[in-house]
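Topology and contacts: notes
In case you want the letters, here they are:
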Amino acid sequence: MANTIGIVGAGTMGSGIAQVAALAGYTVILYDIEQSAIEKGINTIYNNLAKGVEKKKLTEKDSEIAREQISTTNDLLRLKDATTVIEAVVERLDIKQALLQRLDDILPHESIIASNTSSLSITALGASTERPDRVIGMHFFNPAHIMKLVEIVKGKETSHTTISRITSLTKEFGKLPVLASDTPGFIVNRVARPFYGEALRLLGEGVASVEEIDRIVKKSGGFKMGPFELMDLIGIDVNLSVSRSVYEQYFHESRYRPHPIQQQMVDGNLLGRKTGKGFYEY
Amino acid sequence: MGMSSKKRSTRTSGKAFLVCGDEHLIQEYTELLAYSDADVFVWHERKPDLPNLKNILYNRALTRVPKKLIAVFELTNISFEKKLERLSKIENHCAKESLIISSTVCHTATGLAARLITPQRLVGIAALPTLLQNELVELTRSPLTHNDAIKTTGEIFFDLKKEVSLVDDRVGMVIPRIVCCLVNEATFALQEEVASMEDIDTAMKYGVNYPNGPVEWGEKIGFDQVLAVMDALQHDTGEERYRPSPLLRKLAAGLAIGERIWS
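A quick note: this is a predicted structure, and the numbers were derived from the prediction, not measured. (Residues numbered from 1 in each chain as written. Chains lettered and ligands numbered in written order. Predicted model: local features only at pLDDT ≥ 70, side-chain atom pairs only at ≥ 80, totals over all residues. Heavy atoms only, no water.)

1. A few points about the overall build of chain B
The number of helices and strands found in chain B is nine helices and eight strands. Relative to a compact globule of 263 residues, whose C-alpha radius of gyration would be 18 Å, chain B shows 19 Å and is just as compact. Along the first, second and third principal axes, the C-alpha set of chain B runs to 55 × 45 × 30 Å. Residue burial in chain B is summarised as follows: out of 263 residues, 60% are buried. Counted over contacts in chain B with a minimum sequence separation of 6, partners at least 24 positions apart contribute 64%. For chain B, the exposed area adds up to about 11100 Å²; of that, 49% sits on carbon and sulfur atoms. (Helix = DSSP H or I, 4+ residues; strand = E, 2+ residues; numbered from the N terminus. Rg over C-alpha atoms; globule rule 2.2 N^0.38 Å. Buried < 20%, exposed > 50% of the residue type's maximum accessible area, 1.4 Å probe, protein only. Contact = heavy atoms within 4.5 Å. Areas by Shrake-Rupley, 256 points an atom, 1.4 Å probe, with all protein chains shown as cover.)

2. Thoughts on the sheet that holds strand β7 (residues 136–140) of chain B
Read from one edge to the other, the open sheet built from eight strands follows the order β3-β2-β1-β4-β5-β6-β7-β8 (chain B), with strand pairing classed as mixed. Each having just a single partner strand, β3 (56–59) and β8 (163–166) of chain B make up the two edges of the open sheet. This sheet shows a mean twist of 25 degrees between the axes of neighbouring strands, independent of strand direction. Most of the contacts of helix α9 (residues 210–219) of chain A go to β8(B), to which it runs at about 140 degrees, and overall it touches β7 and β8 of chain B. (Pairing = 2+ DSSP bridges. Axes fitted to C-alpha atoms, helices over the stretch in contact; angles between N-to-C directions.)

3. Re the pattern of salt bridges
This model, assessed by the stated rule, comprises 34 salt bridges over all chains. Across the salt bridge formed by A:E60 and A:R67, the nearest N and O atoms sit 3.9 Å from each other. Judged by relative accessible area, which is 46%, A:E60 ranks as partly exposed. Between A:D133 and A:R134 there is a salt bridge, with its nearest N and O atoms 3.2 Å apart. One salt-bridge network, held together by shared partners, links A:R190, A:E253, A:R255, B:E185, B:E192 and B:R243. (Salt bridge = Lys/Arg side-chain N within 4 Å of Asp/Glu carboxyl O.)

4. Focus: empty space enclosed by the protein
In the structure shown here, the tally under the stated rule is four cavities of 30 Å³ or more. As a volume, the largest cavity reaches approximately 100 Å³. Lining the largest cavity we find 13 residues, and of these A:G197, A:S243, A:Y256, A:R257 and A:P258 sit closest to its centre. For the lining of the largest cavity, the element with the most residues is helix α8 (residues 193–204) of chain A, which contributes five residues. For the lining of the largest cavity, the per-class residue count stands at four nonpolar, four polar and five charged. In this structure, the second largest cavity encloses a volume near 80 Å³. In terms of lining residues, the second largest cavity is bounded by A:P194, A:E198, A:R255, B:C181, B:N184, B:E185, B:M230, B:R241 and B:Y242. Where the lining of the second largest cavity is concerned, the elements lending two or more residues are α8 of chain A together with α5 (175–191) of chain B. Counting residues per element, the lining of the second largest cavity draws most heavily on α5(B), at three residues. Class assignment for the residues of the lining of the second largest cavity results in four nonpolar, one polar and four charged. (1 Å grid on protein atoms, 1.4 Å probe; cavity = no way out; pocket = protein on both sides within 12 Å on 5 of 7 lines; lining within 4 Å. Points joined across faces, edges and corners; volume = space filled by probe spheres on them. Nonpolar A, V, L, I, M, F, W, Y, C, P; charged D, E, K, R; others polar.)

These figures come from the coordinates and say nothing about function on their own.
Next up, the structure:
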């Protein structure tokens, strides 16, 4: 069982990570408390693998082996021999801390617990276990089976050995690791704030319209998507909650202050593509 | 835009542009304008590195520059003093029908217009190094700018195969403000040791598909230019939000363009 990876949470991120690990040749145990979530997660994985074969990114053989590598469970104890567990449960500190406490009891002493959190403190998660040196962030980007980047986040107590083991694992997954310290938003969600924040202010100040700002950002800045198109894709509510989280964790640093336009869009249920209307209509 | 087979005219074409301002911008604009069939007069204290083309003509002073020009590109962002001095000399030297297309990244067109004798010919442009690589340029105007001046500027860029977008007259305009704030944020992250500069660049290129990593983008633009934009935004809005990071100030003092000076 030396190469067993446990994944906790069979949602979008958990199932994507399970697929990546299985394709890299690891034995994967995918856990979720809900049987229905497991079924949905496995379905997503099988569909993505089939698409990979269709697009000739994978062979039929790769896909078959990957499917065989993944087993599922709703009994957390089944993860007891995993060398690494990656958790991708709901983004709430109390829930993740309770989960990490249980994993700490179940797992062998040397196993690493990695969290796919995008906004919570790895140091705070580590503090809920007796092994803060073996707790680390492994932040995948959605969709996890396609996006190359993984932010590896070192908590205050995370050891060098843990960092180097997870960096190697990320590379074996075929991903591109970057190392970030445990600060709000890590790298991407922090450094990207002005892209949305300034676009919203330009709109609010009447410098240019939604369409014109997107056009300028793409055609003069060389970005693939304009800020408003991108907010519509991400979900204006999701984007606001990331902004808010970084803003609050930095004790109201003015650079991260959300914009009233975001709140108004959320209040109006104009959340972007998913509700059919955001800054654009779909 | 293919250049090799294009017919290249000489001084006899009768059409001419004048380019002056920050050196890096002079180079980019001269190179672009030189591919049209006009003469490009470059006015600067010292000769910048320029392509070796017959229609590029360097001048230390304005005396030998024709008075009648299609347009003058006044591309100063960093020093307001020099900008005003250049604008005043241009106004004195160039015929009234010569357009003045001036960078309004750090100063509004309205603010500049108030200092000109002939403000009707002033058009603002988002001139920041690297932006000319792309297909669109942002323009702006003061309330005194003549509609024909905007129209002619649009035609000049159309001939250069660029689209234009007219935005409201605000410091930083659209893309310089967004990009410089991204670069500034990356230097804050770097200063706080959130990650190495290579990892910050990798994260933004692969995590959110940015065309450049923000640190390498800052180097290409020139940290001195980024600092000038942030200082101007902070001064214009009075908001702490736009304060440059102490590291950005240090990087700007190094005046590094296109090379790594900090690791």
